[in-house]
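Chain and residue survey
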Amino acid sequence: VQLVESGGGLGQPGGSLRLSCAASGFTFRSYAMSWYRQAPGKERELVAAITSVGGSTNYGDSGKGRFTISRDNAQTTVYLQMNSLTPEDTAVYYCKVRLLRNYWGQGTQVTVSS
């Protein structure tokens, strides 16, 4: 199983970033996928999740109303569109899949600053 996040970097307050997570090593279309984030000194928290079939989504408090999770099963990629960024969104963002256990990507740093 391999999860590779990309798309992080420096974002402007009020701006947008789109994160991608390229997955391999398992039957991507069969599993729910999720995004988490961890800010310095804080616990890792759920940002958003999407089911395998049908694309039903749910969001943690941090992602509601501003972030959108989506997936492309043909490209075995899950996305996180982040809008209306604030400095509080600064964190390392991780992609996760649960098979028999959790698998995590290496994370991508998002820094929101003017």
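Numbering of residues starts from 1 in each chain and follows the order in which that chain's sequence is written. Residues qualify for local features only when their pLDDT is at least 70, as the model is predicted, and side-chain atom pairs are given and counted only at 80 or more; totals for whole chains, interfaces and linings, by contrast, use all residues. Hydrogens and water are ignored here; the side-chain numbers use all heavy atoms of the structure.

Before going further, it helps to spend a moment on the overall build of the protein. Regarding its fold elements, the protein presents zero helices and eleven strands. Helix and strand definitions here come from DSSP, where helices need a minimum of 4 consecutive H or I residues and strands a minimum of 2 consecutive E residues; each element is numbered from the N-terminal end. In sequence order, the secondary structure elements of the protein are arranged as β-β-β-β-β-β-β-β-β-β-β. Note that the radius of gyration is over C-alpha atoms, with the globule rule given as 2.2 Å times the number of residues to the power 0.38. Its C-alpha atoms give the protein a radius of gyration of 13 Å, within 12% of the compact-globule value 13 Å for 114 residues. With the C-alpha coordinates aligned to their principal axes, the bounding extent of the protein is approximately 40 × 25 × 20 Å. In this analysis, two residues are considered to be in contact whenever any of their non-hydrogen atoms come within 4.5 Å of each other. Considering only contacts in the protein between residues 6 or more positions apart, those separated by 24 or more positions represent 52%. Accessible surface area values rest on a Shrake-Rupley calculation with a 1.4 Å probe, where residue burial reflects the displayed protein chains alone. Carbon and sulfur atoms make up 46% of the accessible area of the protein, which amounts to about 5900 Å² in all. Looking at the protein, you have 11 positive and 7 negative side-chain charges, and the mean spots of the two groups are 8 Å apart. As used throughout, the charge tally considers Lys and Arg to be positive and Asp and Glu to be negative, leaving His and the chain termini uncounted. One atom stands in for each charge, and that atom is NZ of Lys, CZ of Arg, CG of Asp or CD of Glu.

We treat two strands as partners when DSSP finds at least two bridges between them. Spatially, the four strands line up as an open sheet ordered β1-β3-β8-β7, and their pairing is antiparallel. The outermost strands of the open sheet, each flanked by one partner alone, are β1 (2–6) and β7 (67–72). Neighbouring strand axes in the sheet, compared pairwise and without regard to direction, differ in orientation by 15° on average. Bridge count for strand β3 (residues 17–24) against strand β8 (residues 77–82) is six bridges, and the pairing is antiparallel. From the neighbouring strand, Ser20 faces β8, where its bridge partner is Tyr79. An axis is simply a line fitted to the C-alpha atoms; with a helix, the fit covers only the stretch in contact. Between two such axes, the angle follows the N-to-C directions and lies from 0 to 180 degrees.

Glancing now at the packing of aromatic side chains. For any pair of aromatic rings, the description rests on two quantities: the centre-to-centre distance and the angle between the ring planes. Only centres within 6.5 Å qualify two rings of Phe, Tyr or Trp (six-membered ring in Trp) as a pair; their planes then separate them into stacked at under 30 degrees, edge-to-face at over 60, and tilted for everything else. For the structure shown, the criterion picks out four aromatic pairs. Ring geometry for Phe26 versus Tyr31: centroids 5.8 Å apart, planes at 75°, classification edge-to-face. Using a relative accessible area of 15% as the deciding quantity, one classes Phe26 as buried. Residue classification places Tyr31 among the partly exposed residues on the basis of a relative accessible area of 30%. Burial classification: accessible surface area is computed with a 1.4 Å probe over protein chains only, and a residue below 20% of its type maximum counts as buried, one above 50% as exposed, and the rest as partly exposed.

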